[in-house]
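Examination of the molecular architecture
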Amino acid sequence: MAATGWSDVAKVYELSPHRPPTSQHSHVLTCNCHPKNISNLSTRITVIYANGSLHLTGILPPTNTPLRILDVATGSGILALQVAETYKAAGVHVDVDATDVAEGMVNILRRKIEEKGVAGMVKADVMDAQVLEKREKEDPISWTLSFPTSTFTHAFMNFGIMFIPNPLQSLSELYRVLQPSGVACLTTWLPNDMGALAGAVMHRLPSSNQPTAPFKDMWSDPEYVKNILEDARFRHVEATPVARSVVFESYDELESVMGKTNPSIVETRKGWTDEYRRRFMEVQREVMREMWPVVPFEVKMRALVIVGRK
């Protein structure tokens, strides 16, 4: 049953204290990232999974095999930049197209591309993940862009598919633009410490002014994810659970980034009263102390890495 609110999310993410469940079949790869080295939680976590996806699909370490890579729902370009910077350091050329529906994120990525000196490897454009081809001119998003069929050797979507209104259409577009035998790789969240924290906080607060649950819990179901890729005609689909962790030195450190990582919370906070905001912070600190009674503490994350071939 799909989660419809934070009370459902709290149940979906119900975990044993301090220790998210790990199936005996899980491929557990832990990597402790010190938060002082990376600017925000979103980057700290997603860069680790991006790196894992790139190794799993044979993009890293760098290869001399000609590659044409697509990074859909790129955000600030974590995966695209990781590919380009690594290949640049190895003296090997690679072609990466990075797209996102949010023009602001694309502009941020374009600045980073210039700053890091990888303009010859990465191109960033505004594009709807559901339509990766040229559309009518009146379309406000993607009419100026076009990816021909069978263009890319690899296509990635790092924690993006669960936020797309029509995921099957988006996956069908990934399939279309991949070359024969091309590889698609996606990541989605599994129940983990961050979900447990967010769900518990919202479950204890009054229902008014709450953000909506970030995405439906079906995206935590490996069989559902495999089936929807197969519906989009991908073959040899494999979904691998991967565990990672981030070490925080204090509750303040985690609190400072919590509100920056969930778009639904960020948007809803704009309408909160001072009293509701104060209560939210109290409850959030209360739950943190229950989950991690000793500092420093380890925030454990789990995700699915899904790979399929055209």
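Residues numbered from 1 in each chain as written. Predicted model: local features only at pLDDT ≥ 70, side-chain atom pairs only at ≥ 80, totals over all residues. Heavy atoms only, no water.

Looking only at helices and strands, the protein features 10 helices and 8 strands. Out of the 310 residues belonging to the protein, those deemed buried represent 52%. When contacts within the protein are restricted to residue pairs at least 6 apart in sequence, long-range pairs at least 24 apart make up 83% of them. Summed over its atoms, the accessible surface of the protein is roughly 14500 Å², and 51% of this surface lies on carbon and sulfur atoms. (Helix = DSSP H or I, 4+ residues; strand = E, 2+ residues; numbered from the N terminus. Buried < 20%, exposed > 50% of the residue type's maximum accessible area, 1.4 Å probe, protein only. Contact = heavy atoms within 4.5 Å. Areas by Shrake-Rupley, 256 points an atom, 1.4 Å probe, with all protein chains shown as cover.)

The next subject is unusual backbone geometry. Of note, the bond from Leu-60 into Pro-61 is cis; its omega dihedral lies within 30 degrees of zero at -5 degrees. Secondary-structure assignment places Pro-61 in the loop between α2 (41-56) and β2 (68-72). Following Val-295, the chain continues to Pro-296 via a peptide bond in cis, the omega torsion being -5 degrees. By secondary structure assignment, the location of Pro-296 is in the loop between α10 (274-291) and β8 (297-309). Despite not being glycine, Ala-73 has its phi angle at roughly 55 degrees, a positive value. Structurally, the position occupied by Ala-73 is in the loop between β2 and α3 (78-90).

What follows concerns the packing of aromatic side chains. Using the criterion set out here, one finds 9 aromatic pairs in the structure. Between Tyr-49 and Trp-189 the ring centres are 5.7 Å apart and the planes differ by 90 degrees, which places this aromatic pair in the edge-to-face class. Taken together, the residues span a long stretch of sequence, with Tyr-49 in helix α2 and Trp-189 in strand β6 (residues 178-189) at a distance of 140 residues. When its relative accessible area of 15% is taken as the criterion, Trp-189 is described as buried. (Phe/Tyr/Trp six-rings, centres within 6.5 Å; stacked < 30°, edge-to-face > 60°.)

Right, let's get into the side chain of Thr-57. Among the structural elements, Thr-57 can be located in the loop between α2 and β2. A distance of 2.8 Å separates a polar side-chain atom of Thr-57 from the backbone oxygen of Ser-53. Ignoring any residue separated from it by four or fewer positions in sequence, one finds Thr-57 in contact with His-154, Phe-156, Val-183, Cys-185 and Val-307. (Polar contact = N/O pair within 3.5 Å; in protein donor to acceptor, adjacent residues only side chain to side chain.)

Side-chain pairs of opposite charge can arise where the charged atoms are in close proximity. Within the structure shown, the criterion is met by 13 salt bridges. Taking the shortest distance from any N to any O, the salt bridge between Asp-125 and Lys-123 comes out at 3.7 Å. Asp-125 sits in the buried class, given a relative accessible area of 14%. We note a salt bridge from Arg-204 to Glu-290, for which the minimum N-O separation is 2.7 Å. Note that Arg-204 is positioned in helix α6 (residues 193-204) and Glu-290 in helix α10, a separation of 86 residues in sequence. For Arg-204, a relative accessible area of 37% gives the class partly exposed. A relative accessible area of 42% places Glu-290 in the partly exposed class. (Salt bridge = Lys/Arg side-chain N within 4 Å of Asp/Glu carboxyl O.)

Between helix α5 (residues 167-177) and helix α7 (residues 222-231), the shortest axis-to-axis distance is 9 Å and the interhelical angle comes to 55 degrees. Judged on the interaxial angle alone, α7 and α5 are oblique. For the crossing formed where α5 meets α7, the hand is right-handed. On the side of α5, the interface is formed by Pro-167, Leu-168 and Leu-171, while α7 contributes Ile-228, Leu-229 and Asp-231. The class makeup of the residues in the contact of α5 with α7 is 5 nonpolar, no polar and 1 charged. (Axes fitted to C-alpha atoms, helices over the stretch in contact; angles between N-to-C directions. Parallel < 35°, antiparallel > 145°, perpendicular 65-115°, else oblique. Left-handed = near helix turned anticlockwise from the far one by under 90°. Nonpolar A, V, L, I, M, F, W, Y, C, P; charged D, E, K, R; others polar.)

What follows concerns the environment of Leu-60. The residue Leu-60 is located in the loop between α2 and β2 in this model. Through-space distance from the C-alpha of Leu-60 to that of Tyr-87 is 8.7 Å; in sequence the pair is 27 residues apart. Leaving out residues up to four positions away in the same chain, Leu-60 has contacts with Asn-51, Leu-54, His-55, Thr-86 and Tyr-87.

Attention shifts here to the confidence of the model for the protein. Counting all residues, the mean pLDDT for the protein is 79, and 74% of those residues have values of 70 or more. Segment residues 1-39: pLDDT under 50, and 92 contacts once partners within four positions in sequence are set aside and those in other chains are kept. Note that residues 140-144 has pLDDT below 50 and, in this model, 14 contacts with residues that lie over four places away or in other chains. (pLDDT = per-residue confidence, 0-100.)

Once that is clear, we can look at α7. Residues separated by three or four positions in an α-helix point in the same direction, a consequence of the helix having 3.6 residues per turn. Buried within α7 are the following residues: Val-225, Ile-228 and Leu-229. Projection of α7 onto a plane perpendicular to its axis shows the buried side chains occupying an angular sector of 100 degrees, all on one side. One side-chain oxygen of the residue at the start of α7 lies 3.0 Å from the amide nitrogen of Glu-223, identifying that residue as Asp-221. Just past α7, the residue Arg-233 takes up positive phi, approximately 80 degrees. (Arc of directions from axis to C-beta.)

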